[in-house]
Every structure is written in C-alpha cells, then in structure tokens.
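# Chains, contacts and geometry: an overview
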Amino acid sequence: MLSEDQNRRLTEVGAGTPMGELLRRYWMPIAAVAELDDKPTKPVRLMGEDLVLYKDRSGNYGLVDRHCPHRRADLSYGWVEECGLRCHYHGWLWEHTGRCLQQPFEETAHPAARFKDRVRIKAYAVEAKAGLLWAYLGPPPAPLVPTWEPFTWKNGFVQIVFSEIPCNWFQCQENSIDPVHFEWLHSNWSRALNGAGADRSPAHLKVGFEEFEYGFTYRRVLEGQSEQDELWTVGRCCLWPNCLFTGGHFEWRVPIDDANMLSVGWFFDRVPNDMEPYRQDRIPYWYSPIKDALTDRWITSHVMNQDFVAWVGQGTVADRTQEHLGESDRGVIMMRKRILEDAESVMRGGEPKGVMRDPEKNRCVRLPIIGRDFFVNGSSRVESETSRQRTPGLLLRQEFSFLTGQPEEVRAAYRRAMGLPETGVDARSPAS
Ligand code: FES
Ligand SMILES: [Fe+2]
C-alpha cells in the first residue's frame, strides 16, 4: 500500500513534478506521419501542455504552444506555409524553432523596430521514426529516438492505432508488468463474455520479473508449459518508461495530463514468405473508439479494449492507498520502486534509465523477443497459419483482434499484404 504522497509522485505529469520531469527525458509518440500528410496541423495535449503539431510545406515538423504569443489565438486553426505556421488572427508567422518570422502590420508600421526578434513561441523538437512522430519536451541535449529492433524489420504490414483513455497513464503502465491479468482479463473474461462453459484457459503457475537496460521483462509458466518455453526463457517487456512490448507490437501510454492518456499502438504483422518482397509505402493509422454509443458502456470485444475497461475502472487516478497487493503484483511493486528512484534522481540532475544517446547502439536496439526468427525471416504460408510454438501471437492473423473499429481500407490493405481472400473468418490470437 502506498502513501498519498507516493501515489501523487507516481501519477502527476506536469512540468516540475518528479514524474513529469522524468517523462520529459524521453521521446513520446504523439501522432502518425501519415496523419500530418492528411492534415498538416493537429492540436496536441501532452503532459498537461497544450500544443499544436504541424508540418510546413518544406516538410519541417513543428510542435509549438497552442496559443499565439500575440493575443493568444488558438494556433491549431492557423495554416502552414512554405516555412512555418501562420496565425489566423493577425497573421504572425512562427517557425518550428520558435522564431517569429513575420508580423505583417508591425513591419508596415515600424519597419525598423524588429519587434519580431523580441518574441518567441514555446517550441519543442519533433522527429519522425517508424511511421510515428515523436516529441521531446525535456532539456537539451535531446537524446535519440530509439530505433527499437522491430522498426528495422522488413516484409511486414504495420499499422498505428490511437485511443484516448480517460484515466492516468501510470495505472496503464502498471499493466505492462502484470502477466496474470492476461489469463483473467483477456482469456477467461472473453470466454465469459461469449457465454462459454465453465472451463478455463491455462492458469499461470509461475511468474518472474527481471530488470534489464531498457525496462523489465516479465516471464511466466502456464499450465501445460515449462521453463523451456519462450514465455519463460525470453518473456515480454515493460519498456521504460511508458510502454509495453510483446514482440509483435508496442503500446505506449502517453500522458495527455494527469487524468487522460493517449494509447499509441504500433503493430507489425509479418507477411508469409510467398508474399515477399513486401514494402509498405505508407503506414496507416486510425483512431479506435472506446465507448459503445448505444449502451454508453466501455467496449469489451477486443484485447486492448478489455485493458482499457480495467484501467478506467480503477478510477481517474487509481487510489493506491487502498490496494492489497499480492504475489502477482511483484512486478508492479518493482517497477514503482524503480521509477520513483529514477524520478528522484532526475530531480537531482541525474539521467534516468534507458535514455538513448549512442548513435552506434541506436542503429538497432535489440530487445527480448519471443519468436524473433518468425518476425525476421517469416515462414511459409502453411506454417504462418498454424501457431508454430505454444505461444500466442505467432501466426498469420485473419482479423485485427487488438482494438475495435479498424477501418475497412486498412483491413483490405492488410489482407492484400498477407495474400488473404477479401473476406475471412475471425481467428483471434493476441499476444499478451
Ligand atoms: S493572436 Fe496570433 S497574430 Fe494575433
Ligand atoms: Fe492486457
């Protein structure tokens, strides 16, 4: 059980708070590259700061204050030009570096005054990688955006899915080191929701947690498996500071503010060998709804939606002074302790865990990956269609089982990439 003070320190993300400062040492995914190609401005709220993300006509990405420093108009209604973002109110033009490039009437009235050199807009760094746009809100020098190993993989269909979740980010990240929930929240609850009989999915017999350079791994032995299986020998990753990595996909829990979180999913599906070479020109993105409009209840049909139901159910900010933690929560306890230590070290001027600064290392950052060979080299169609190991997640998925609401054009592009017929049966096998 935590004290109120500890709970606050784990959850507050504003500038100047220990966790807010810790999080500002890492790049955060905030949009898809294709999203800005579709529409060049996007209002963004990140760690309690209201901002606008844009791509100007020269291809520069900017992330600047939502409010124009002149008289505070909302710059997400501005328009992009050859260089910079133009405010729609009086036409001041802002560069991605924060410089003011033009102040039309001021320059007419007092051409020699150069008032524009004396005003700046708050501006943050943005970088594109793996189809995502990443923002860095911390002090210079900015570290590198990590090139996680799956970002270098070929012959895969990648899609990016966003959902806005009305609760604090940290309870979502605690789920990244909680193997036992998969058995109940996903397997057994899905059975119950589908009216299945009394039989249960394989139970967890043993769980293990270990810290590594970029986070923690969690490992498990399920009924019918042993310590020789990759779920135990390799495990899955709770990636520092706000991500779950399961081998085939990442889920970032990006803090919007203390009460809201942007879930950013990046999903890689390897094409079968007979579809190689496969190259994706544009990584699609979509927004997944979380509430059923008819019933006004949370959607429960898909894996991550089930996670969302658990997280919002814990309250806007989970009250950790009221918990009763057991053996299954050993990983959660380890992570809380480590991240609070990290946050304190940041406040003393230290560098937190896993910040990437070595370009050589960052060419490809290896992670623990169950079934690496399957993702890298692929397999024949026959093998891809049957789970090759006793591990969920390693097969040719017929349908996208993680989140509800996949647009038809994304589904169709996926099926074309995989060489699947236009329609198909639902074969769910999520990775936990
Ligand atoms: S408020 Fe933006 S130019 Fe006046
Ligand atoms: Fe889950």
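Here, the structure is the one placed above.
Residues numbered from 1 in each chain as written. Chains lettered and ligands numbered in written order. Predicted model: local features only at pLDDT ≥ 70, side-chain atom pairs only at ≥ 80, totals over all residues. Heavy atoms only, no water.

The protein atoms that coordinate the iron ion (ligand 2) are His 181 (NE2), His 186 (NE2), Asp 307 (OD) and Asp 307 (OD), at distances of 2.0 to 2.6 Å. Spacing between the donor residues of the iron ion (ligand 2) along their common chain follows H-x4-H-x120-D. Here His 186, found in helix 6 (residues 180-193), pairs with Asp 307, found in helix 8 (residues 303-313); they are 121 residues apart in sequence, far enough to count as distant. (Donors = N, O, S within 2.8 Å, 3.2 Å for Na, K, Ca; no water. Helix = DSSP H or I, 4+ residues; strand = E, 2+ residues; numbered from the N terminus.)

As a further point, take the sheet that holds strand 1 (residues 28-32). The 6 strands are arranged 1-10-9-4-3-2 in an open sheet whose pairing can be described as antiparallel. Since the sheet does not close on itself, it has two edges, and those belong to strand 1 and strand 2 (41-46), each with one partner. Across this sheet, the average inter-strand angle for adjacent strands is 30 degrees, counted without regard to direction. Here 5 bridges tie strand 9 (residues 123-129) to strand 10 (residues 132-136), and the two strands are oriented antiparallel to one another. If you follow Glu 127 over to strand 10, its bridge partner there is Trp 134. (Pairing = 2+ DSSP bridges. Axes fitted to C-alpha atoms, helices over the stretch in contact; angles between N-to-C directions.)

For the rest of this paragraph, the subject is the pairing of strand 14 (residues 236-239). The alternating pattern of strand 14 places Arg 236 and Cys 238 on one face and Cys 237 and Leu 239 on the opposite face, and all of these are buried. By the bridge criterion, 4 bridges tie strand 13 (residues 215-222) to strand 14 in an arrangement that is antiparallel. Note on strand 14: the bridge partner recorded for Tyr 218 is Arg 236. Both strand 14 and strand 15 (residues 243-245) contribute to a ladder of 3 bridges, which runs antiparallel. Within strand 15, the position partnered with Cys 237 by the bridge is Phe 245. Between strand 14 and strand 15, which pair antiparallel one after the other, the connecting turn spans 3 residues. (Buried < 20%, exposed > 50% of the residue type's maximum accessible area, 1.4 Å probe, protein only.)

All right, on to the side chain of Arg 220 then. With respect to the element layout, Arg 220 can be found in strand 13. Buried charged residue Arg 220 carries no salt bridge. Nearest counter-charge: Asp 178, at 7.5 Å. Among the polar contacts made by the side chain of Arg 220, one reaches the main-chain carbonyl oxygen of Pro 179 at a distance of 3.0 Å. In this structure the side chain of Arg 220 is engaged in a polar contact, spanning 2.8 Å, whose partner is the side chain of His 204. (Lys, Arg positive; Asp, Glu negative; His and termini not counted. Salt bridge = Lys/Arg side-chain N within 4 Å of Asp/Glu carboxyl O. Polar contact = N/O pair within 3.5 Å; in protein donor to acceptor, adjacent residues only side chain to side chain.)

Scanning the entire structure with this criterion turns up 4 cavities of 30 Å³ or more. Reported here for the largest cavity is a volume of approximately 180 Å³. Along its surface, the largest cavity is lined by 20 residues, and Tyr 26, Trp 27, Pro 146, Trp 148 and Trp 240 are the ones closest to its centre. (1 Å grid on protein atoms, 1.4 Å probe; cavity = no way out; pocket = protein on both sides within 12 Å on 5 of 7 lines; lining within 4 Å. Points joined across faces, edges and corners; volume = space filled by probe spheres on them.)

In this structure, the second largest pocket spans a volume of roughly 420 Å³. Ala 130, Phe 151, Val 158, Gln 280 and Ile 283 are the residues nearest the centre of the second largest pocket, which is lined by 23 residues in total. Taken together, the elements giving at least two residues each to the lining of the second largest pocket come down to helix 3 (33-38), strand 11 (156-165) and strand 17 (260-270). The biggest single contributor to the lining of the second largest pocket is helix 3, with 3 residues.

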